[in-house]
Each structure stands twice: as structure tokens, then as C-alpha cells.
Amino acid sequence: MRAVPFPDGYTIESHAQEPRDLRRVPIHPDHWYPLAWSRELKAGKTLGTHFAGEPIVLFRTASGAVYALEDRCAHRQVPLHAGVVDGESLRCGYHGWTYDCSGQCVDVPYLGRERLPNGVRAYPCREAHGMIFVFPGNAMLAEECPLPVLDSVADKAYKTRRFGREVKCHYSFMHENLMDMNHQFLHRRQMGQMRARSLGRRRGEKSIEVDYTFARMAGKQPAGEALVFGASKNRADPSDQSVMTVRTEYPYQTLKIHSSDDSLLMDLWIVYVPLDAQQRTNRTFGLLSVKRPAVPFLLDAAWPLLVWFTERIFKEDRTIVELEQAAHDNQGADWNHEVFPVINELRDLLRECGARAVIPIREVSEV
Amino acid sequence: MRAVPFPDGYTIESHAQEPRDLRRVPIHPDHWYPLAWSRELKAGKTLGTHFAGEPIVLFRTASGAVYALEDRCAHRQVPLHAGVVDGESLRCGYHGWTYDCSGQCVDVPYLGRERLPNGVRAYPCREAHGMIFVFPGNAMLAEECPLPVLDSVADKAYKTRRFGREVKCHYSFMHENLMDMNHQFLHRRQMGQMRARSLGRRRGEKSIEVDYTFARMAGKQPAGEALVFGASKNRADPSDQSVMTVRTEYPYQTLKIHSSDDSLLMDLWIVYVPLDAQQRTNRTFGLLSVKRPAVPFLLDAAWPLLVWFTERIFKEDRTIVELEQAAHDNQGADWNHEVFPVINELRDLLRECGARAVIPIREVSEV
Amino acid sequence: MRAVPFPDGYTIESHAQEPRDLRRVPIHPDHWYPLAWSRELKAGKTLGTHFAGEPIVLFRTASGAVYALEDRCAHRQVPLHAGVVDGESLRCGYHGWTYDCSGQCVDVPYLGRERLPNGVRAYPCREAHGMIFVFPGNAMLAEECPLPVLDSVADKAYKTRRFGREVKCHYSFMHENLMDMNHQFLHRRQMGQMRARSLGRRRGEKSIEVDYTFARMAGKQPAGEALVFGASKNRADPSDQSVMTVRTEYPYQTLKIHSSDDSLLMDLWIVYVPLDAQQRTNRTFGLLSVKRPAVPFLLDAAWPLLVWFTERIFKEDRTIVELEQAAHDNQGADWNHEVFPVINELRDLLRECGARAVIPIREVSEV
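Counting starts from 1 at the beginning of each chain's written sequence and moves along it residue by residue. Chains and ligands are labelled sequentially in the order written, the chains with letters from A and the ligands with numbers from 1. A pLDDT threshold of at least 70 governs which residues receive local features in this predicted model, and a stricter bar of 80 or more applies before side-chain atom pairs are shown or counted, although totals over entire chains, interfaces and linings include all residues. As a convention, hydrogens and water are excluded, and side-chain values are obtained from all of the structure's heavy atoms.

Labelled according to an unreviewed UniProt entry, chain A appears under the name Rieske 2Fe-2S domain-containing protein, originating from Paraburkholderia acidiphila.

So, in C-alpha cells, the structure goes:
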């Protein structure tokens, strides 16, 4: 990992020089992606989900195990999530064709066993951290590809909030939004007048990260922010500065806040899973872990405020990235005109790590 | 008509071998299609309908006669159904251009009679069995093409229920749904565990039909089913078996249940009329005739139960065929993998009897 | 301006002979178009509008001045109308990029002033008659292009009603609707049986106008109509005839009613501003000025009736032109079959004065 000193020369890169439209780069399928929260799928039930337009049914058997199959019966392509979990198998709700957890067709009620047709595709599937992960790409690579490690979620010194929802934009807008902390102006109502200062960035083969400190330009620190970001930053005393590190480690993203004594105060892990084939909609899965303070139950008491605060911030972000996507749709191309080097490197990273294909443009209604 | 003995070898036909996508075969227009129930069109009123994307206005004059014209004024193409019935003519609601029942323009209020423009297309139109039938194809063929015969509807020994609504799928899904009685699993909540047994099929030039008996695998016969399908089938006594015959006689379909003494217990006639140019939506017109039992008024008393039961069944069928259409739209092709010979022959019949054109694919929004 | 005597020979022009589809002719951008009513934009606020698919933000500074910029931040293309008016500048709501009234970028909070990126497009913008006008075409031509003159609006002898809303059709349908007074049949419920008589038409380089008188065929004059069109026309006394003149002076339209003593009783100015790139939706801005009668406050007392009457008429017109647009969309072409020479000349004028490009056809959902 090479360190790039900061501040360096901001450069203005025109969209005309860019190699291919980042908003049309498909996410790379050879990673583990959460498709649902564990609590969404009860034993004996099915759940229909999508990854980049591929319909995938999750089902949990009576034993509690979770499996992922192509959500499309081999017979007439109706979704298997409308079917019935039967022991360790899944039975289509139309003519009763039955598939085991490997996707093999094991029963057609009106057909001899010796004549059974081929089955459906099965996806590697694992459950961890309260999420159901699926490996939508080349299944041969699943074993060697590690699940993300979320230390703070398992650590009792932290309290974790799970959040997220559908956002109508390409995943790349989400990465850029979180990494570019110069967008504090968007959250001026929640955070007052904050100014981010970028300390430096580090680029790895499949990762980029950047450090920030913050200074308050005017106003008082809101209570919600104090909870999440820690007590008020005192610019007069540089030794009291917390440092925020935002990192994209493809395809995931993290945001960590360390206090001046290097204690991890806040730890966010987040991923943006494309739903439709156009990858213009993603489902966000976020886990926000906050270190418990010395006073017991203080964090629990303040939790509703933290929930309210983070929901407000997330809603503002969601609104603006959806406006970015809408602008892209109307223009038919990415006109991004970036001046912040970190973001230009992030954009390069997302292009390099993405799938090779180009998402075809679909005509979009205007105004 | 040749008889094909059953059971014969089930074969697995891959969609790759199929000649053209059945879901893109337009219905043949040279038949009589109902476009409305008679009760929907009062004297002096208009009704805007569609056949496969063609706008057709039905209007009933004061004398009670019904006519069908192109629903598009020759002047500025606004729908004539927004106009006014005037004697035996139809007057456009915009500038008052007036058409007689043959579609000829007979008045433009601000233009001399000697300069009248051409009119609009007229369609052969007949009223029968409480339906308004239109012949949307070559009008020269209408006279020699018979209206469907519905004996049980006119027979006082039967009570008839008229039903139907818009279903968002190609008509071929409807034919396959009704003819493949192996889909009893879909209706497991209404019918319990029934197993159909196919007795044999007969193929004609423009028709195919198949006979079934049914056996109950578990549970009791629901009351609604007993009404429609007759009293419980006793497998221990083969002589007591009712036989169900499902027949497609292009473009109509029938389902008849005969008792073991060859009495016609139930008689369903049904047709699926494409509404949009893509033929991805049809309006279903069904007439279900049930033989009155010996006890007078018993059927009338039980009628609400029969209505409820058939509505439930029809709703489950509607949901599943709409899921089939949605799957086809997402895939962009028919991936059907049929193993039941009757259905493969039905599919061939629908292709052979359909119009020659191919419905162009329109891009469809995903997820 | 040449005078064409009337009545002359009505001719029937087939759509097949027409040079290009009028509904696909873009409006010419080198004119002043209102994009909002003045009252819609308060000091310190922004308003997002569109002209033919181009997003345009209007903003009013504390001084009351109004400016028009491209509604798309140069940075990430989010709409500037989601931003904040800051003195005489507009600040984007995402990262705070700031533009002055000429569209120049004057601040990026986290970037040195010497490295500021290019800004966004500015549009000539003027406020008059309670409307905010923008010149969306070649800005070099704005100075020499006059704003429309609306004498009656400024004249205290008249009372003016401002009205309008979005109408889902190409602007050409609106021009044809107002100019062809043979469509009184559409308003038969509001106006009774009226018959328009065309007296003659005059064609200019960029204008066409036609005169009408009206005769009542049956029924009494409704009170609302009497207010707008003046007291009942007495056909028995030709000297008592009012004359209505409808004029298209590209791209605007007027309708004036003069009494037999040549006094201007009613004066309507109206324009149809395309909103979407397909120009299938317009926002109508209308100013209807009615001469105050001798009795003071009579017109004010009757005003609610006039509002109700004009709203009813406008709603009927809106419904029918939207049906025309829907028919055009389904047909994919203009099948207009016009028999009234005035309208054929108007159609030629709209083609000649429109922009050279052809609006590409977008597939439209059917039925």
C-alpha cells in the first residue's frame, strides 16, 4: 500500500477524458453480497430477492439452514419463492416440481423419477453477522473468497445498529458520497457548519482510504452528532482531534472514527447491492457500531436520538444520490467533473474492480 | 380426429428446439371474439374497447342494435367512444363528424355534403349468449365463420355464471393453464390434495382435447368443489368416476365434466381476448354452466358458495399466469421446458392456428 | 399580410401528402417563453423548471432580481434548485459549489479560487406581466427579440385572469384547438348549440389569423358565456354582431372579441411551453382580459362565474387534446385529415416556424 501525501495538487479531470462511463460498470459478481437480513427469513419460509437482475430465492429449512437457488422454476419459470419449503427441499407452487438445496430437480409428481429434467442454478450461501450472504459469480471461487470481517459487531464493547433500504442509484454514487466528506454542506441542518480537512490517502490493489479531521466553522455541535462522532472537536487543541478514515475495500466500504488516543469510537460497515439488471437501484446494508461509554446504559438511553440522527443523514444522502442518478439518466452519460483527487482515484478503483461488461442504456422517461 | 392412446412416453422438449416463441404469436383475427358483455352497453351509449391494440368502439342505438367501428375519428383520431349516439349514427364529440353503422362519414356540420371525407372501418358485429362479438379480421370471412355454440347456456336444466376480467398475460398461458390439470398443486388450499390422471388425448385440425379422472390423495372434499365437480369421486368404485374433458377448439376453450352415466354435469366455455398490441394482456370471458340437481333451488341456494369457490380458483390461476408472463418479459424469450405431451401438442396447435406475424419485443422495466 | 377571401373551396388534404409529422416538430427556441408566474418565486428562493427537456433553475435574490441558470451543477449534475440562494449567487446543496447570475462558478469551498472550474449555462431572463420569461435559444438573439406586448393586461379598463396548467400534448394541438372554432360541439354542455361562421383569414410571414361570427342554433345563452363573449348575438340584426379573431403569431396565440362598434370586449393571450424533450407535454400560460362594463363592480361580482365557466371550457379542451396526443402516440404518426383551410395553413406555419430538427419517437406504452 502506497501512501500519497496530502495536500497535493487538486486536478480538474473532464468527463471527456474518462475511459468508460462509471455508471455503466457492473459490480463484480465474484464477491459475497448480503441479499437479506437473517431476521427476514423464518424457518420453513422463502424470500424472493434479486442480484443485478438475477432472481434468487432464499429459503430456510426446518433445520434452520439457508439455501439460495435461481428463483425460476425449470418448467415454466414462475418464481420458486411462491412455492413451499418441504423438508430440505423447495417445491414449486404451480405443478409441484421439487428442488433440493443443490438445485437438482428431485420430483415431478406426475413424471417417473427416471425422467426427471435438469434443475436450477444454486448459489453458494452463508449466514454471518445477521445477514444472508450469496456468492452470485463463479461458484468455484466462493470457497477462497473470505466473508467480510466485522470485529466491532461481535465485540460487546460496541452497540450495533443495522440499517439500510433501497436507493434508486448505481452503487458507485454511494461510494463517492461516503468517501467525499466535502459534502458536509448537504447536512448543514443536522451538523451545522462543519469543514472537513483531508489528511492523506492510501491506495491498495483493491482498496483506497482517506483520513479526515473536522473543524466547526460556526454554531454548536448537535447532540446527535456528538453521539456518533464523539465529543466536540477542539481545534485549539490539535492533540484532541479525532480522525475519520473512510475506506473502500472492494466491494465494501467502511468509516471508522479513532480518538486522539487511537481508540476506535465508531465503526461503520456498509455495502450497496445492485438489484436490477441496469444496476440503477441498490439495497444498502449498513452496520453502525458505536463504542459504549464508561457510564453503563448511557448509550442505550441515547440510542433513539442516534437512530433519528443517522436516519436523517441517510435520508439526505439518499435524496441527493437519487438526484445524481436521475441526472445521469436524463443526460445519458456521466458528466462528472471531479476536482478532489481521492474521488478520482476511487472512481478508477471502481472501474478496475468492476465487471468487464458495459450496462446497456435503457431509454428512460424524462422530466 | 385421431386418437392418441395414453399413457405414452413423456418427452422432454427443450425450448431451444422450438420453432418460434409462442408468446410472440399473435392470435388469429379471423374469428368471432367477444369484446364486451351485453349488459355493459346500454341503448344510446358507447363503449370503448380494444382488440390486440386496435381501438374499437361499440355503440347501441335506440333500437337496441349494436355496431362496432374503429374507435378513431377520421378527422383528428380522437376516440369516437367520447362521442354521442345520434339516431342510428355516432357523432364525434370534438367537431361533430358523424358516422353511420357502416363507418361512412355522413355529416361534417361545417362542410357541404358533396365534400364528405372517407369514414372509418366498420367491424362485423353480433350479439349472442349475453356477449357482443366482433370479427376483427378479414370481414369477407365473417359470414362463413360460425359463432360459438353454447348449448348449456340456453338449456334451463343448467344455471350459468358469467365471469372474467383482465389478466396480464398472453392468451397462450391461459390455454396451457386450463389444459394441464397437473397444476392441482396450485389449488391445494381450495381442493386439498388431488391427483389428476390423464386418460388420453385427441388431436383435430384446429383442436386438441384431453380426458382426466381425479383421485383424492388426502383430506376431505371441500363443499365448493363438490358443487362444481360433482359429488366425491370414489376411487374404490371405478364405475363411479366422473371424467373431465378439456378442449381447445381454436381460439376457444371448453371444460366439461361428465358423470359415469355420461350426463353432462358441468360445462365451461372460455375465451381470452388480447387487448394490447403486444398481446400481453387479455380479457377473459367465461360462462360456467352447472346442471341443476333434482332438488329444486338447491343450486340457487348454494350459488354464492360456488361463486366464491370459482373466484378463488380463478384468482390463483390469474396470479400464476401473470408471474409466467413477467418471467417471459424479464427473460426476453420463452424458456418453457414442457414434459407433458398434451401441452406440447397444444403449444403446436396455438402456433399453427395463430397469425403469421411475430409480435415485436418491447423493452420492459425490470425487477 | 395578404387577405384570403372566405368562403373558398374546402380541400381535403391527406396526411400522406404532408412533408413531416407536425407533432414531431420542436418549438423554435429563439423566442421568449414564460417558465413560471412571478408569484411562484419568492425572494431568496429557487424554482426548478423545464423547457423542452432542458432543466432550468429560476432564482430570485434578496434584491428581487430573477435569474435563470442550467439546473445542473457542473460538479455532479444534481439540480441547483435543491440549493441555496446566497446573496446574488446560487449555492449547490451538495458540496456547496457556488454560481453567480452569469453562471460562472465563483466558489468551491474546499478548492483554491485560482483553480475554479467552469460554470453552468445562463439564460437571458426577464420579468413582465406577472410572468418570468426565459430565452432558451441563441442568447445573442435575445436582445433584438421583443417580449410580447399585452396592452389589455396593463389597461385598467380590463380585468385579467391568469390561468393555465400542464397539458399532456404537443403545443401544435393547442394552437389548432383554439383556432378551429368549429369545435363548439365539444362545448355543447357549456355553450348550447352554437355555430361558428368563418369570415376570412389573413396570413403573415410568422402569423395567421381568422375571423368568426357565431349564431345560436338552439337553446338560451348561458350566463357564463354572456360574460366572456358579450351579450347574446342577435342574428336578426347583423349590425349587432360581435367578431372573434383568433391569431397565431408564432409562438404565441391571441383571441380577441370586438363588438360591432369595434370595441375590444375580450382579449386572451396564451402560449404553450413544451416541458419534456419529447415535447409531448406543455405548460399553458393564459391571460384573459375582459372589459369592465359601465356598472362598477359588476364584473368583479360575476368573476367567480367567469372563472368557473372558463375552467370548464379549458378542461374539455384539455381532455380532447390529450386524447389526440394519445392517439398519435399509439399510431406513431400524424393521421390528421384536415378539411378546414385555416387549420391547414396554421399547420404549415407551425412547421415553417418550428426548429429544423425532428423529435425522435420514443416507444410508448399502449392501451
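*Asks:* How should I be thinking about the interface of chain C and chain A in this particular structure?
*Replies:* What makes two residues a contact is simply this: any of their non-hydrogen atoms within 4.5 Å. The interface is formed by 28 residues belonging to chain C together with 30 residues belonging to chain A. Two parts placed together each lose some accessible area; with a 1.4 Å probe, that loss summed over both constitutes the buried area. Of the roughly 2500 Å² buried between chain C and chain A on both sides combined, carbon and sulfur atoms contribute 58%. Counting the surface chain C buries against chain A, the share from its top three residues, Arg76(C), Tyr94(C) and Tyr110(C), is 28%. We define a salt bridge as a contact between a side-chain nitrogen of Lys or Arg and a carboxyl oxygen of Asp or Glu at a distance within 4 Å. Here chain C and chain A share three salt bridges between them. Note that Arg76(C) and Glu324(A) form a salt bridge whose closest N and O atoms lie 2.5 Å from each other. Under the rule applied, a polar contact is a pair of N or O atoms within 3.5 Å (in protein, one hydrogen donor and one hydrogen acceptor; residues adjacent in sequence only if both atoms are side-chain atoms). For the pair chain C and chain A, the number of links is 11 residue pairs in polar contact (both at pLDDT 80 or more). Ten residues, namely Ala, Val, Leu, Ile, Met, Phe, Trp, Tyr, Cys and Pro, are considered nonpolar, four, namely Asp, Glu, Lys and Arg, are considered charged, and the remaining ones, Gly among them, are considered polar. When grouped by side-chain class, the residues that make up the side of chain C that touches chain A number 14 nonpolar, seven polar and seven charged.

*Asks:* So what exactly am I meant to see when it comes to the pattern of salt bridges here?
*Replies:* Oppositely charged side chains can form a pair if their charged atoms are brought close together. Residue and element names in this part refer to chain B. Taken as a whole, this structure holds 87 salt bridges over all chains when the rule is applied. A salt bridge links Asp-267 to Lys-256; the nearest nitrogen and oxygen atoms lie 3.1 Å apart. Here Asp-267 is found in strand E19 (residues 264-274), whereas its partner Lys-256 is found in strand E18 (residues 252-258), with 11 residues between them in sequence. Overall, the relative accessible area of 27% leaves Lys-256 in the partly exposed class. Helix and strand definitions follow DSSP, with helices as H or I runs of at least four residues and strands as E runs of at least two, each counted in order from the N terminus. Buried, partly exposed and exposed residues are distinguished by accessible area as a fraction of the type maximum, computed with a 1.4 Å probe on protein chains only: under 20%, between the cut-offs, and over 50%, respectively.

*Asks:* Sorry if this is basic, but what is going on with the relation of the copies chain C and chain A here?
*Replies:* A least-squares fit on C-alpha atoms brings the copies together, and the residues used are those whose pLDDT is at least 70 in both copies. The transform that puts chain C on chain A rotates by 120° and translates by 0.1 Å along the axis, for an RMSD of 0.0 Å. Here the copies are linked by what is in effect a three-fold axis.

*Asks:* Even after reading the chapter, I still don't get the interface of chain C and chain B, so can you show me in this structure?
*Replies:* By convention, interface size is frequently given as the accessible area that disappears when the constituent parts associate. Taken together, the 30 residues of chain C in the interface contact 28 residues of chain B. Surface buried jointly by chain C and chain B totals about 2500 Å² across both partners, of which 58% is contributed by carbon and sulfur atoms. Connecting chain C to chain B are three salt bridges. Viewed at the interface, chain B and chain C are joined by 11 residue pairs in polar contact (both at pLDDT 80 or more). When contributions to the side of chain C that touches chain B are tallied by element, the ones reaching two or more residues are helix H2 (171-179) and helix H5 (298-331) of chain C. At six residues, H5(C) tops the list of elements feeding residues into the side of chain C that touches chain B. Along the lines of polarity and charge, the residues of the side of chain C that touches chain B split into 13 nonpolar, eight polar and nine charged.

*Asks:* I'm lost on the packing of helix H2 (residues 171-179) of chain A against helix H5 (residues 298-331) of chain A in this one. Help?
*Replies:* All names here are of chain A. Axis separation between H2 and H5 bottoms out at 10 Å; the angle between their running directions is 130°. Put simply, H2 runs oblique to H5. As for the relative orientation of H2 and H5, their crossing is right-handed in sense. Only Phe-314, Asp-317, Ile-320, Val-321, Glu-324, Gln-325 and His-328 of H5 make contact with H2, whose side of the interface consists of Phe-173, Met-174 and Asn-177. Residue composition of the contact of H2 with H5, by class: five nonpolar, three polar and two charged. As a rule, the C-alpha atoms of each element are fitted with a line to give its axis, helices using only the stretch in contact, and angles between N-to-C directions run from 0 to 180 degrees. Angles below 35 degrees are treated as roughly parallel, those above 145 as roughly antiparallel, those between 65 and 115 as roughly perpendicular, and all remaining angles as oblique. Whether a crossing is left-handed or right-handed is set by the direction in which the near helix is turned from the far one by less than a right angle, anticlockwise for left-handed and clockwise for right-handed.

*Asks:* It is not clear to me how the environment of Ile270(A) should be interpreted in this structure. Could you clarify?
*Replies:* All names here are of chain A. Within the secondary structure, Ile-270 is located in strand E19 (residues 264-274). Remark: the alpha-carbon pair of Ile-270 and Gln-253, spanning 17 residues in sequence, is separated by 5.3 Å. Setting aside its immediate chain neighbours within four residues, Ile-270 contacts Phe-163, Leu-178, Tyr-252, Gln-253, Thr-284, Phe-285 and Gly-286.

*Asks:* Before we go on, may I ask you to explain unusual backbone geometry in this structure?
*Replies:* Negative phi values dominate among residues other than glycine, just as trans dominates among peptide bonds. Residue and element names in this part refer to chain A. Omega for the bond connecting Tyr-250 with Pro-251 falls within 30 degrees of zero, at 0°, which places this linkage in the cis form. You can see Pro-251 is positioned in the loop between strand E17 (243-249) and strand E18 (252-258). Not every positive phi belongs to a glycine, and Ala-52 is a case in point at roughly 50°. Mapping Ala-52 onto the fold places it in the loop between strand E3 (46-51) and strand E4 (54-60).

*Asks:* Explain H2(C) here, please?
*Replies:* Spacing of three or four residues puts side chains on the same side of an α-helix, whose turn is 3.6 residues. Burial runs high along H2(C): nine of the nine residues are buried. Of all the positions in H2(C), only Tyr171(C), Ser172(C), Phe173(C), Met174(C), His175(C), Glu176(C), Asn177(C), Leu178(C) and Met179(C) are classed as buried.

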